[in-house]
Amino acid sequence: MLYEEARKALLKCVLRLYQKGLVQLNSGNVSVRVSDEHLVITPTGISYDDMSEEDLVIIDLNGGPVEGKHKPSSETPMHTTVYKNIHEVKAIAHTHSPFALAFATVGRSIPVISTEGLAVRGPIPVADYACPGTEAQGWAAIKAMKGPPYVMGTLLKNHGVLVTGANLSHAYSIACRIEMAAKVFFLALQIGEPDILTDDQIKEIRTAYLRK
Ligand SMILES: [Zn+2]
């Protein structure tokens, strides 16, 4: 079996997302770049309760099959489009986490109102609508993330969330922080109009964090 370590890490990441409620049943998908040519990605149609390392699929950057007994995720075109066009991306997680998805349905980006937002490097944008399962969905996400500022993740209009990372743990933590940022923004809007951190305040927080 090719890329055993990567399979292990990917399954761990997807199960953590599942346990956190950021993906459910067989919604969402995760992948990791394992070489210049290959990715490991979750299969389509297998629920997380039953998923094992052998169920994960190896594909090339054009989505062609390399190894695996299942079909790769239906969102493969979105993943491959992002990997081919943003070379520093090493891992991608796509979730339908509920608070973030709620903002994606109304097309409202999530401003930086607490330190959660800083993990993404700026306000969490909303990508233009594109049909799920298409390359167009990948291009919409790229356009939204490129900003400026360049951010690590985006809401996908009427669909969910796409996050990128330098590795799987990084992508996992950004997926968690985006959902937390969306939840806090939602709760704050029930009480009043939250104050948005200014660029100067963000810069100051970053400097304080970097000092530690
Ligand atoms: Zn989806």
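Here the structure is shown first, and the text comes after it.
In every chain, residue numbers begin from 1 and rise along the written sequence. Reporting of local features is limited, given that this is a predicted model, to residues whose pLDDT is at least 70; pairs of side-chain atoms are given and counted only at 80 or more, and all residues count toward the totals for whole chains, interfaces and linings. Side-chain calculation: all heavy atoms of the structure are included, whereas hydrogens and water are not.

Chemist: Please provide a residue-by-residue account of the overall build of the chain, values included.
Modeler: Secondary structure is summarised from DSSP: a helix means a run of H or I of at least four residues, a strand means a run of E of at least two, and numbering begins at the N terminus for each. Within the chain one finds six helices and eight strands. Helices and strands in the chain line up, N terminus first, as α-β-β-β-β-α-β-α-β-α-β-β-α-α. When its C-alpha atoms are laid out on the principal axes, the chain stretches across 50 × 35 × 30 Å. When a residue's accessible area, from a 1.4 Å probe over protein chains only, is under 20% of the maximum for its type it is buried; when over 50% it is exposed; and in between it is partly exposed. Taken across its 212 residues, the chain has 47% of its residues classed as buried. The contact definition used throughout considers only heavy atoms, calling two residues in contact when any of these lie within 4.5 Å. Here the contacts in the chain between residues at least 6 apart in sequence split such that 63% fall between residues at least 24 apart. Areas reported as accessible are Shrake-Rupley estimates using a 1.4 Å probe. Residue values count occlusion only from the protein chains shown. Within the structure as shown, the chain displays about 10,300 Å² of accessible surface, and the carbon and sulfur contribution to it stands at 54%. For the charge count, each Lys or Arg is scored as positive and each Asp or Glu as negative, with His and the chain ends excluded. Lysine's charge is taken at NZ, arginine's at CZ, aspartate's at CG and glutamate's at CD. Mean positive and mean negative side-chain charge positions of the chain (21 and 22 charges, respectively) differ by 4 Å.

Chemist: Outline the coordination of the zinc ion, supporting the account with residue identities and numerical values.
Modeler: Here the term donor refers to an N, O or S atom within 2.8 Å of the metal (or 3.2 Å for Na, K and Ca), and because water is left out of the atoms, sites may appear incomplete. The zinc ion binds to the protein through His 94 (NE2), His 96 (NE2) and His 159 (NE2), with metal-donor distances spanning 2.1 Å. The sequence pattern formed by the donor residues of the zinc ion is H-x1-H-x62-H. Of this pair, His 94 sits in strand S5 (residues 91-95) while His 159 sits in the loop between strand S7 (153-156) and strand S8 (160-165); the two residues are 65 residues apart in sequence, bridging distant segments of the chain. Look at His 159 and you get buried, because its relative accessible area is 8%.

Chemist: I'd like a rundown of the nonpolar core, residues and numbers included.
Modeler: If you look at the biggest cluster of nonpolar residues, it comprises 59 residues, and the most contacted ones within it are Leu 17, Leu 155 and Ile 178. A per-element tally of this core places helix H5 (residues 168-191) first, with 10 residues. Dropping the residues within four chain positions of it, Ile 178 is found in contact with Ala 100, Val 120, Ile 124, Gly 153, Leu 155, Val 161 and Val 163. In these notes, a set of buried Ala, Val, Leu, Ile, Met, Phe, Trp, Tyr and Cys residues joined through side-chain atoms within 4.5 Å is what counts as a nonpolar core.

Chemist: Please give an account of the side chain of Glu 75 that cites residues and values.
Modeler: Tracing the chain through its elements places Glu 75 in the loop between strand S4 (65-67) and helix H2 (76-85). No salt bridge is formed by the buried Glu 75; its nearest oppositely charged neighbour, Lys 84, is found at 14 Å. Of the polar contacts made by the side chain of Glu 75, one reaches the side chain of His 159; its length is 3.5 Å. Not counting chain neighbours up to four residues away, the residues in contact with Glu 75 comprise Asn 29, His 94, Pro 132, Gly 133, Gln 137 and His 159. Any Lys or Arg side-chain nitrogen found within 4 Å of a carboxyl oxygen on Asp or Glu counts as a salt bridge. Within 3.5 Å is the distance limit for a polar contact, defined as a pair of N or O atoms, with the added protein rule that one can donate a hydrogen and the other accept it, and that residues adjacent in sequence qualify only through two side-chain atoms.

Chemist: Outline the packing of helix H1 (residues 4-19) against H5, supporting the account with residue identities and numerical values.
Modeler: Axis lines are fitted to C-alpha atoms, over the contacting stretch for helices. Their N-to-C directions set the angle, which ranges from 0 to 180 degrees. Contact geometry of H1 with H5 gives a least axis separation of 10 Å together with a crossing angle of 10 degrees. When the interaxial angle is binned, H1 and H5 end up roughly parallel. Along its contact with H1, which presents Ala 6, Ala 9, Leu 10, Cys 13, Arg 16 and Leu 17, the element H5 presents Leu 168, Tyr 172 and Ala 175. Any residue outside Ala, Val, Leu, Ile, Met, Phe, Trp, Tyr, Cys, Pro, Asp, Glu, Lys and Arg is labelled polar, Gly included; the first ten of those are nonpolar and the last four are charged. Tallied by class, the residues present in the contact of H1 with H5 amount to eight nonpolar, no polar and one charged. Note on terminology: angles under 35 degrees are roughly parallel, angles over 145 are roughly antiparallel, angles of 65 to 115 are roughly perpendicular, and the others are oblique.

Chemist: Can you lay out the sheet that holds strand S2 (residues 38-41) for me, pointing to particular residues and giving the numbers?
Modeler: Strands sit in the order S4-S3-S2-S1-S5-S8-S7-S6 across an open sheet of eight strands; the sheet is mixed. Of all the strands in the sheet, just S4 and strand S6 (126-127) have a single pairing partner and so form its edges. Along the sheet, helix H3 (residues 98-106) makes contact with S6, S7 and S8, crossing S7 at roughly 60 degrees. Contacts from helix H4 (residues 135-145) reach S6, S7 and S8 within the one sheet, and its direction differs from that of S7 by about 130 degrees. Two strands pair under a simple rule: DSSP has to find at least two bridges between them.

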